[in-house]
Amino acid sequence: MFTKCPSCHTEISFEPPANAPAGYKHRIKCPNPACGVTISVALPSKQVAAPATPAPAAQTAAPAVAPTAYAPVPSAMEASQTSGKVKYKGRARSLFMLIFSLLFVALNVVAFLIATGKMAGIAALGMGSATIGSTVYVPFDGISFIMMLIKDFAGTTALFSGQLMMFSILMYVVPSALLLFAGILALSNLIGFLAGKYGKTGNVIFSLLVFILSAAVMFQSFIIITLSGTSVDFMTYIQAVLANQLVSIIAVGVGFLFFIFSIIFGAKKKKVKEPKIA
């Protein structure tokens, strides 16, 4: 006898018991490995009462159609419901990295407000400033350099020539690059959070750049003094940073955690969840 699975519509061949009572329901399991539903088939009373008689010798019995071992090709609707694996949503990871990147964006904004005199009182909390010519310089202030480029591009680019080039790069370009990469990370993770996805490679690369640039901001004075040929004790420099630029050390620590979490989130494998078929 043949029947069809009501779940996946696979054609099933089975042999009913010869001595089954009237009204007997034969239970069979769907051979489709993707289905496996157990169904009950009510046997006709005529077939239960009378056993099957062999065909006359003169007649050639029609060859039985062997049931296929493969499940029928599901439709587009069935494929979307019963096939494939459930993708791991990266919304939580994107939100976590978004918060980290926004911390560096906020650090740039606070440094800019201190440089413009709007939040000068916060400098005593570890955001000390210095006056270079007519410009007030605050570590992690990358906004002032961008505004300088907009107002006077030729005059600003002239700073990157001669012996002052390395000084200008460390003082102006590094904080602006830090702001740029942190902003890119914030935007990409915001999109990832809304889309429910997480960008592994981009977060690892840009978080590493943020960590390196934040460390460069903390050691910018040490690098400039060393390149000028003057020796400076490393521990003495660290003590000076602790006394005047505590925020720099905190930023480097946060940048390091930022990079470590990006590696952990990138190495996390997707969860595989097989869908249930009724």
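Quick look at the structure, then. (Residues numbered from 1 in each chain as written. Predicted model: local features only at pLDDT ≥ 70, side-chain atom pairs only at ≥ 80, totals over all residues. Heavy atoms only, no water.)

## Quick word on the packing of aromatic side chains
What counts, and what does not: To pair, rings of Phe, Tyr and Trp, with the six-membered ring standing in for Trp, must have centres within 6.5 Å; the planes then decide the type, stacked if under 30 degrees apart, edge-to-face if over 60, and tilted in the middle. A run of H or I in DSSP becomes a helix once it reaches four residues, and a run of E becomes a strand once it reaches two; helices and strands are each numbered from the N terminus. For every residue, the accessible area obtained with a 1.4 Å probe (protein chains only) is divided by the maximum for its type, and the residue is called buried under 20%, exposed over 50%, and partly exposed between those limits.
If you walk through the whole model with that rule in mind, you get 17 aromatic pairs. Taken together, a centroid distance of 5.4 Å and an interplanar angle of 10° make the contact between Phe100 and Phe258 stacked. Remark: Phe258 occurs in helix H10 (residues 246-267) and Phe100 occurs in helix H3 (residues 91-115); sequence separation between them is 158 residues. With respect to burial, Phe100 and Phe258 carry one shared label: buried. Aromatic pair Phe145 and Tyr172: ring centres 6.0 Å apart, planes at 20°, arrangement stacked. Taken as a pair, Phe145 in helix H4 (residues 143-151) and Tyr172 in helix H6 (residues 165-195) lie far apart in primary sequence, 27 residues in all. Judged by relative accessible area, Phe145 falls into the buried class, the value being 8%.

## Points about H4
It helps to recall that an α-helix has 3.6 residues per turn; residues three or four apart then point in one direction. Going by this rule: Only heavy atoms matter for contacts: two residues are in contact if any of them lie within 4.5 Å across the pair.
Those residues of H4 that fall on the buried side of the exposure criterion are Ile143, Ser144 and Phe145. Against the buried residues of H4 lie H3, helix H5 (153-157) and H6.

## Section: the packing of H6 against helix H8 (residues 220-227)
Operational definition: Between N-to-C directions, angles cover 0 to 180 degrees, with each direction set by a line fitted to C-alpha atoms, over the stretch in contact for helices. Angular relationships are summarised with four words: roughly parallel below 35 degrees, roughly antiparallel beyond 145, roughly perpendicular across 65 to 115, and oblique for the angles in between. Three classes are used: nonpolar for Ala, Val, Leu, Ile, Met, Phe, Trp, Tyr, Cys and Pro, charged for Asp, Glu, Lys and Arg, and polar for all others, with Gly counted as polar.
Where H6 contacts H8, the two axes come as close as 10 Å, and the packing angle between them is 175°. Judged by the angle between their axes, H6 and H8 are roughly antiparallel. Every residue of H8 that contacts H6 at Met166, Phe167, Leu170 and Met171 is listed here: Gln220, Ile223, Ile224 and Leu227. In the contact of H6 with H8, the residues fall into seven nonpolar, one polar and no charged.

## Comments concerning unusual backbone geometry
One non-glycine residue, Phe140, adopts positive backbone phi at about 75°. Of note, Phe140 is situated in the loop between strand S6 (135-137) and H4.

## Concerning the packing of helix H7 (residues 200-218) against H10
To describe two helices that pack against each other, one gives the angle between their axes and the distance between the axes. What counts, and what does not: In this scheme the handedness of a crossing depends on how the near helix is turned from the far one: anticlockwise by less than a right angle means left-handed, clockwise means right-handed.
One can describe the packing of H7 onto H10 by two numbers: an axis separation of 8 Å at closest approach and a directional angle of 165°. If you check the angle between H7 and H10, you find them roughly antiparallel. For the element pair H7 and H10, the recorded crossing hand is left-handed. Contacts between H7 and H10 involve Lys200, Asn203, Val204, Ser207, Leu208, Val210, Phe211, Ser214, Ala215 and Met218 from the first element and Ser248, Ile249, Ala251, Val252, Gly255, Phe256, Phe258, Phe259, Ser262, Ile263 and Gly266 from the second. Of the residues contributing to the contact of H7 with H10, the split by class is 13 nonpolar, seven polar and one charged.

## Quick look at the pairing of strand S3 (residues 25-29)
Looking along a regular strand, one sees side chains alternate from face to face of the sheet. Under the convention used in this document: In short, DSSP must find at least two bridges between two strands for them to pair.
Because side chains alternate across S3, one face comprises the buried residues His26 and Ile28, and the other comprises Lys25, Arg27 and Lys29, none of which is buried. In the sheet, S3 pairs with strand S4 (residues 38-42) via five bridges, with the strands oriented antiparallel. Looking at the pairing, Lys29 lines up with Thr38 of S4.

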